[in-house]
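Residue-level structure breakdown
The residues making up each chain are set out below.
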Amino acid sequence: MEKDLSKNRTKNVLRNICISTIILFLGIIMIVKSFIVEQGKENLLFSYNISRNLNYSVNLVENEFFANQTLDMDRTYISSLVDKINMDFSYSLSGNKKSNTKYMYQIIAVTDVKYANVNEDSNKTIWSKQEVIVEPKELDANGSNFTINENFDVDFAKYNNEVKNFKEQLRMPIKADLVIKIIVRSDSDVPGIENTVVESSIMNVKMDLAQDVFTIEKQFENAETKSVVDKTEDKKQINKVLLIIGSIFVLVAILIILDSIKKSIKFSKKSDYAIALNRILKNYGDIVAEIVSPVEIDSLNVIDVKNFDQLLDIEEEVRMPILFYETIADEQGEFIIICDNMAYRYVIG
């Protein structure tokens with residue numbers, strides 16, 4: 001019987017824990033959901049498209065191998081036969097609003113020489129040279145777009161010979177390249193925008209020097225779209241109804257948990273009583289009679305004994321049964337021997 005009660009109590013505690021966990025989880029979700037953050041909106045102020053393009057042709061020195069002294073793009077070229085490279089670049093910026101724009105562009109050539117010993121770091125520059133090919137040009141544009149077109153020559157043979165001489169005179173392994181940098185910068189004063197819209201762009205064109213053959217590599221994007229937006233701040237709001245309901249759920253869950261803890265402690269105390277009672281009933285069940293109604297002892301002289309062993313001594317002397325009645329269920333009971341006008345009582349619990 002006690003085992004069944006213990007099992008039922010354990011089931012009740014587990015059930016309460018599960019219920020309180022679910023309620024607590026729902027309450028926390030409601031509280032979190034009650035704090036609403038409205039994301040700020042992005043307002044498009046200005047958008048613009050950038051277009052970059054570069055075409056080139058490679059001019060050769062007079063030689064007996066090529067009938068045509070001009071070669072097209074995207075080929076592999078023999079360094080010793082190349083004279084100049086003719087480049088034609090274009091850059092355009094087109095916006096969705098009219099603006100007053102000041103823009104500048106220039107073109108420079110950068111020769112970069114690195115130490116190329118296989119046992120050393122070949123990324124260390126040991127000599128570098130910069131030369132202006134097209135001087136900075138500053139222009140104004142009114143409207144929604146502007147375009148730059150520039151044709152220029154790159155004296156590849158000159159740069160290649162400089163590096164070859166450097167290598168021969170110093171007698172050291174090197175790795176060199178030539179980078180043509182086309183630099184464009186614009187400042188657009190757009191109505192509705194407090195600060196000017198600044199756009200900087202660098203178009204790099206790279207080729208190897210002091211090699212038997214080389215290719216020309218474009219290092220830029222042909223097209224790009226950008227925009228200027230004005231984002232409003234995020235707004236925080238509280239759903240009071242949801243917050244109150246969630247708080248109530250959390251409070252109820254806490255109360256259930258506290259009640260379960262209280263009952264667990266109470267059950268623990270009951271188990272001590274049950275263990276002592278079961279021990280007595282098991283060992284002395286033949287002389288103990290369990291009764292369902294309390295014994296009327298108001299008219300009797302009641303003598304309380306300290307322990308059950310004393311009650312056993314009295315039972316052996318008077319040869320009267322020991323009566324047991326549980327005064328408080330699962331918590332307290334009384335063992336009583338009635339003889340003449342005397343009631344010998346031992347209270348357990």
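Structure: above.
Residues numbered from 1 in each chain as written. Predicted model: local features only at pLDDT ≥ 70, side-chain atom pairs only at ≥ 80, totals over all residues. Heavy atoms only, no water.

1. Comments concerning the sheet that holds strand S14 (residues 301-304)
The strands making up a sheet associate through hydrogen bonds between their backbones, and the pairing can be parallel or antiparallel. Heads up, the rule is: When DSSP finds two or more bridges between two strands, those strands count as paired. Secondary structure counts use DSSP, requiring at least four H or I residues in a row for a helix and at least two E residues in a row for a strand, with both numbered from the N terminus. Axis lines are fitted through C-alpha atoms, for helices just across the contact stretch, and the angle between N-to-C directions can take any value from 0 to 180 degrees.
Taking strand neighbours across the sheet as the criterion, the 5 strands line up as S13-S15-S16-S17-S14 in an open arrangement whose pairing is mixed. The sheet terminates laterally at strand S13 (288-290) and S14, the two strands that pair on one side only. Neighbouring strand axes in the sheet, compared pairwise and without regard to direction, differ in orientation by 30° on average. Note: strand S16 (residues 332-339) against strand S17 (residues 342-348), 7 bridges, orientation antiparallel. Bridge pairing in S17 places glycine 333 opposite isoleucine 348.

2. Points about the pattern of salt bridges
Test applied: Throughout this description, the term salt bridge denotes a Lys or Arg side-chain nitrogen within 4 Å of a carboxyl oxygen of Asp or Glu. Burial status follows relative accessibility: with a 1.4 Å probe on protein chains alone, a residue under 20% of its type maximum counts as buried, one over 50% as exposed, and anything between as partly exposed.
All chains considered together, the criterion is met by 11 salt bridges. Linking arginine 185 and aspartate 187 is a salt bridge whose minimum nitrogen-to-oxygen distance equals 3.4 Å. The closest approach of N and O atoms between lysine 226 and glutamate 199, which form a salt bridge, is 3.0 Å. Taken together, the residues lysine 226 in strand S11 (residues 223-231) and glutamate 199 in strand S8 (residues 197-209) connect sequence positions 27 residues apart. Classification of glutamate 199 as buried rests on a relative accessible area of 3%. One network of salt bridges, with partners in common, ties together Arg52, Glu199, Glu224 and Lys226.

3. A word on the pairing of S16
Most of S16 sits inside the fold, with 6 of its 8 residues counted as buried. Across 4 bridges, the pairing between strand S15 (residues 322-328) and S16 is antiparallel. Bridge pairing links tyrosine 325 to glutamate 334 in S16. Connecting S15 to the antiparallel partner S16 that follows it, the hairpin turn spans 3 residues, and aspartate 330 within it adopts a positive phi of roughly 65°. Hairpin connection between S16 and S17: a loop of 2 residues separates the two successive antiparallel strands, and aspartate 340 in this loop has a positive phi of roughly 55°.

4. Focus: the side chain of serine 186
Its place among the elements puts serine 186 in strand S7 (residues 174-189). Residue class for serine 186 comes out buried when judged on its relative accessible area of 1%.

5. Digging into helix H4 (residues 308-318)
Because the α-helix completes a turn every 3.6 residues, residues three or four places apart line up on one side. Put simply, the rule is: The reported arc concerns the directions from the helix axis to the C-beta atoms and nothing else. Polar contacts here mean pairs of N or O atoms no more than 3.5 Å apart (in protein, one a potential hydrogen donor and the other a potential acceptor; neighbouring residues in sequence count only if both atoms are side-chain atoms).
Within H4 the residues assigned to the buried category are Phe308, Leu311, Leu312, Ile314 and Glu315. The arc enclosing the buried residues of H4, seen along the axis, measures out at 165°, which places them on a common side. In H4, the exposed positions angled more than 90 degrees off the buried face are occupied by Glu316 and Glu317. For H4, the capping residue at the N-terminal end is asparagine 307, with a side-chain oxygen 3.2 Å from the backbone nitrogen of aspartate 309. Once H4 finishes, arginine 319 follows within two positions and takes phi at roughly 55°, a positive value.

6. Brief notes about the side chain of serine 99
Cut-off, in case you're wondering: In this description, contact between two residues means that some pair of their heavy atoms is separated by no more than 4.5 Å.
Residue placement: serine 99 occurs in strand S5 (residues 82-115). Among the polar contacts listed, one links the side chain of serine 99 to the side chain of threonine 101, at a separation of 3.2 Å. Beyond its immediate chain neighbours, meaning those up to four positions away, serine 99 contacts Ala141, Asn142, Gly143, Ser188, Asp189 and Val190.

7. Some thoughts on the environment of phenylalanine 65
Looking at the element boundaries, phenylalanine 65 is found in the loop between strand S2 (42-60) and strand S3 (70-71). For phenylalanine 65, a relative accessible area of 63% corresponds to the exposed category. Separated by 20 residues in sequence, phenylalanine 65 and isoleucine 85 have C-alpha atoms that sit 19 Å apart.

8. What to know about helix H2 (residues 156-170)
Keep this limit in mind: Expected helix span is given by 1.5 Å per residue-to-residue step, counting one fewer step than there are residues.
Compared with the 21 Å implied by 1.5 Å per residue over 15 residues, the 21 Å span of H2 between its first and last C-alpha is a close match. Contacts made by the buried residues of H2 are with S5, strand S6 (125-154), S7, S8 and strand S9 (213-214). Trailing H2 by a residue or two, arginine 171 shows a phi angle of about 50°, which is positive.

9. Points about the packing of aromatic side chains
Centre distance and the angle of the planes are the two values used to describe a pair of aromatic rings. Selection rule: Ring pairs are drawn from Phe, Tyr and Trp, using the six-membered ring of Trp, whenever the two centres fall within 6.5 Å, and their geometry is named by plane angle: stacked under 30 degrees, edge-to-face over 60, tilted for the rest.
Taken as a whole, this structure holds 12 aromatic pairs when the rule is applied. Taking 6.1 Å as the distance between ring centres and 70° as the angle between the ring planes, the aromatic pair formed by phenylalanine 89 and tyrosine 105 counts as edge-to-face. Of the two residues, phenylalanine 89 and tyrosine 105, both sit in the buried class. Judged by centre distance (4.3 Å) and plane angle (15°), the ring pair of phenylalanine 156 and phenylalanine 214 falls under stacked. With a gap of 58 residues between them, phenylalanine 156 in helix H2 and phenylalanine 214 in strand S9 connect regions that are remote in the sequence. Across this residue pair, the class does not change: phenylalanine 156 and phenylalanine 214 are buried. Clustering of aromatic rings is evident, with ring pairs tying together Tyr284, Phe308, Phe324, Phe335 and Tyr346.

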